[in-house]
Amino acid sequence: MNKAIVILKKGEGRTIKAGGSWIYDNEIDRIEGSYEPGDIVSVQDFDGYPMGTGFINPASKITIRIMTRDPDAVVDDEFIRARVRAAWEYRKSVTDTSSCRIIFGEADFLPGLVVDKYEDVLVVESLALGIDRLKPKILQYLQEVLAEDGVPVRAMFERSDAKIRVKEGLPRAKGLIWMAGDEHDIYKAGETCTYDEGAFDPRLQIMENGVKYMVDVENGQKTGFFLDQKGNRLAMQNLVRRMKAAGEKVRVLDCFTHTGSFALNCGLGGADEVTGLDISDLAVAQASENAALNGLSDRVSFRAENVLDYLPQLNEAGEKYDVVILDPPAFTKTRDKIKQAAKGYREINIQGMKLTRNGGYLATCSCSHFMDAETFRTVIGQAARAAHRRLRQVEFRTQAPDHPILWSGDEESYYLKFYIFQVLEER
């Protein structure tokens, strides 16, 4: 069957021409031929020049997500299998694969799909109609590719419960979709299956950088854990370890701690006292459980506090820390809220710098795609001037390599910016 052909307006398609993967509804001039939402279509520029092949969803503002730029490529089973194999081979080369992100959407040329591996459990997040239709085959081939390397898969869990699915005209879905040894057809998209209580525990234990964590794939944020900070957590563990080797006493404040990952890395690095803050009672309970799991409860503790309100109170009380970590949630998920987000980032960095002793270290990051690296850098500089501090940059880092940054027109896959500074009083 011939694919429908989507023709762009003259002068449009700047993002895709620069290497991006998305075509918006207002960039399309016309569509020739018939199609169903989710179908694979060809894309041409206004003059007939082939731009690529992708799947279409007229219900979404991102109407087309490009799968390939090769005009002769056929998106069939072998095409999908090759994409999956390439994603896995890349991870084997760049990271510890015991727990990692195996598929990262556009950066792995499988737009709209995330697959995270937590030991022998795969957690799947599908955010686009077209990839949802391809998901059964992708999961089948992924299991086969892993099996070829002797990597077992015990279960697969669906975490396609993000609000963005509603914009794609898709229902939000969460639940177990397959367990090893069961005859249920794992490869039926959108279906979940039920099991007797106790057959599958959504709370799993993983280890990263020598730290043990309990991960809740059912109720945890995103797919259960933030794998993207793996290298940054290790950087903080190593910094604290070097400080201790130099004979320093190390007191750490970890803000927006979630399940305690940065705090626990600092504890494992030898910190004398670590305090983790999070507004969520559930997160604090999970973090405390993780501290106990690692035998660190005597030095690593957690408090349920609104960080934005609590940091000024600590400053007013004259508290000082040797290491302060700021890992806030994304303050903006849209371009039109950047100014408001910048104000939030600026304020917490002012407070964090003031809480850091002279010569101590501040780790600060932004996980918002729309808070680009240059804007974030500017905001940190403004905070330093307002706090009357000088910053000596130790390191600039991004997301872990299993969350690869694909250089493209809009840098869709680049979102995490992570700085480590030494904080100095003005001199």
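Residues numbered from 1 in each chain as written. Predicted model: local features only at pLDDT ≥ 70, side-chain atom pairs only at ≥ 80, totals over all residues. Heavy atoms only, no water.

Colleague: An account of the overall build of the chain is needed here, citing residue identities and associated values.
Modeller: Helix and strand content of the chain: 10 helices and 20 strands. For the chain, the C-alpha radius of gyration of 23 Å lies close to 22 Å, the compact-globule estimate for 427 residues. With respect to the three principal axes, the spread of C-alpha positions in the chain is 70 × 55 × 35 Å. Within the span of the chain, comprising 427 residues, buried residues form 52% of the whole. Sequence separation of at least 24 residues holds for 64% of the intrachain contacts in the chain that already meet a minimum separation of 6. When the accessible surface of the chain is summed, it comes to about 18900 Å², and 49% of that surface belongs to carbon and sulfur atoms. Distance between charge centroids for the chain: 6 Å, based on 56 positive and 65 negative side chains. (Helix = DSSP H or I, 4+ residues; strand = E, 2+ residues; numbered from the N terminus. Rg over C-alpha atoms; globule rule 2.2 N^0.38 Å. Buried < 20%, exposed > 50% of the residue type's maximum accessible area, 1.4 Å probe, protein only. Contact = heavy atoms within 4.5 Å. Areas by Shrake-Rupley, 256 points an atom, 1.4 Å probe, with all protein chains shown as cover. Lys, Arg positive; Asp, Glu negative; His and termini not counted. Charge placed at Lys NZ, Arg CZ, Asp CG, Glu CD.)

Colleague: Give a description of the sheet that holds strand β3 (residues 28–32) that names residues and reports values.
Modeller: The 6 strands lie next to each other as β2-β6-β5-β4-β1-β3, forming an open sheet whose pairing is mixed. One side of each edge strand has no neighbouring strand; the edge strands of this open sheet are β2 (22–24) and β3. Neighbour-to-neighbour, the strand axes of the sheet open up by a mean angle of 35°, direction not taken into account. Two strands pair when backbone bridges link them, and strand β4 (residues 40–44) and strand β5 (residues 50–56) are joined in this way by 5 bridges, in the antiparallel orientation. Residue Val 43 lies in a different strand from β5, and its bridge partner there is Gly 52. (Pairing = 2+ DSSP bridges. Axes fitted to C-alpha atoms, helices over the stretch in contact; angles between N-to-C directions.)

Colleague: Please give an account of the nonpolar core that cites residues and values.
Modeller: Within the largest apolar cluster, 46 residues are counted, with the highest numbers of intra-cluster contacts made by Tyr 118 and Met 236. The biggest single contributor to this core is helix α5 (residues 230–245), with 5 residues. Among all residues touching Tyr 118, those that are not within four sequence positions of it are Ser 98, Ser 99, Val 123, Leu 204, Ile 206, Val 215, Val 217, Thr 223, Gly 224, Phe 225 and Leu 227. Judged by nonpolar contacts, the second largest core, of 30 residues, contains Met 67, Trp 88, Ala 128 and Tyr 141. (Core = buried A, V, L, I, M, F, W, Y, C linked by side-chain atoms within 4.5 Å.)

Colleague: I'd like a rundown of the layout of surface pockets, residues and numbers included.
Modeller: Volume-wise, the second largest pocket comes out at about 240 Å³. What lines the second largest pocket is a set of 13 residues, among which Arg 377, Ile 380, Gly 381, Leu 391 and Phe 421 lie closest to the centre. For the lining of the second largest pocket, the secondary structure elements donating two or more residues are α10 (373–387), β19 (389–397) and β20 (417–425). Counting residues per element, the lining of the second largest pocket draws most heavily on α10, at 7 residues. Of the residues contributing to the lining of the second largest pocket, the split by class is 5 nonpolar, 4 polar and 4 charged. (1 Å grid on protein atoms, 1.4 Å probe; cavity = no way out; pocket = protein on both sides within 12 Å on 5 of 7 lines; lining within 4 Å. Points joined across faces, edges and corners; volume = space filled by probe spheres on them. Nonpolar A, V, L, I, M, F, W, Y, C, P; charged D, E, K, R; others polar.)

Colleague: Run through empty space enclosed by the protein, naming residues and quoting values.
Modeller: Scanning all chains against the criterion turns up 1 cavity of 30 Å³ or more. Residue lining of the largest cavity: Ser 21, Glu 106, Ala 107, Leu 406, Ser 408, Glu 412 and Ser 413, and that is the complete set. Partitioned by chemical class, the residues of the lining of the largest cavity number 2 nonpolar, 3 polar and 2 charged.

Colleague: Explain helix α8 (residues 307–316) to me, and be specific about the residues and the numbers.
Modeller: Residues Val 307, Tyr 310, Leu 311 and Leu 314 constitute the buried set of α8. Buried residues of α8, seen end-on, are gathered within an arc of 105° and therefore sit on one face of the element. Looking at the packing, one finds that the buried side of α8 touches β14 (251–255), β15 (273–278), β16 (300–304), β17 (321–326) and α9 (338–355). Between a side-chain oxygen at the N-terminus of α8 and the backbone nitrogen of Leu 308 the separation is 3.1 Å; the capping residue is Asn 306. (Arc of directions from axis to C-beta. Polar contact = N/O pair within 3.5 Å; in protein donor to acceptor, adjacent residues only side chain to side chain.)

Colleague: Before we move on, could you go through unusual backbone geometry and cite the residues and values that matter?
Modeller: Most peptide bonds take the trans configuration, and most residues that are not glycine carry a negative phi. Unusually for a residue other than glycine, Lys 222 sits at a positive phi of about 55°. Within the secondary structure, Lys 222 is located in the loop between β13 (211–216) and α5. Located in the positive-phi region is His 388, a residue other than glycine, with phi close to 60°. Turning to its location among the elements, His 388 is positioned in the loop between α10 and β19.

Colleague: Could you give an account of the pairing of β5, naming the residues involved and the relevant values?
Modeller: Summarising burial for β5: 6 of the 7 residues are buried, a large majority. Turn length for the β4-β5 hairpin, with the two strands adjacent in sequence and antiparallel, is 5 residues, and the turn residue Gly 48 shows positive phi of about 90°. Direction of pairing for β5 relative to strand β6 (residues 62–68): antiparallel, over a ladder of 4 bridges. In the sheet register, Thr 53 faces β6, and the bridge partner there is Thr 68. Where β5 folds back on β6, the antiparallel hairpin that results is connected by 5 residues.

Colleague: Which residues make up the sheet that holds strand β11 (residues 173–179), and what are the values?
Modeller: Spatial ordering of the open sheet is given by β7-β8-β9-β10-β11, a layout of 5 strands whose pairing is mixed. For this open sheet the edge positions go to β7 (99–104) and β11, each flanked by a neighbour on one side alone. For this sheet, the mean angle separating the axes of adjacent strands, direction not counted, is 20°. The pairing of β7 with strand β8 (residues 113–118) spans 5 bridges and is antiparallel. Pairing of Ile 103 across the sheet is with Val 115, part of β8. Contacts between helix α3 (residues 129–148) and the sheet are confined to β7, β8, β9 (121–126), β10 (155–160) and β11, with β9 contributing the most and set at about 160° to the helix.

Colleague: Run through the pattern of salt bridges, naming residues and quoting values.
Modeller: Taken as a whole and assessed by the stated rule, the structure comprises 30 salt bridges. Measuring nitrogen to oxygen at the nearest pair gives 3.2 Å for the salt bridge that ties Arg 65 to Glu 168. Separated by 103 residues along the polypeptide, Arg 65 in strand β6 and Glu 168 in the loop between α4 (164–167) and β11 bring together distant segments of the chain. In this pair, the class of Arg 65 matches that of Glu 168, namely buried. For Arg 154, the salt bridge goes to Asp 120, with nearest N and O atoms at 3.1 Å. With a gap of 34 residues between them, Arg 154 in the loop between α3 and β10 and Asp 120 in the loop between β8 and β9 connect regions that are remote in the sequence. By sharing partners, the salt bridges in this structure join Asp 132, Lys 135, Glu 158 and Arg 165 into a single network. (Salt bridge = Lys/Arg side-chain N within 4 Å of Asp/Glu carboxyl O.)

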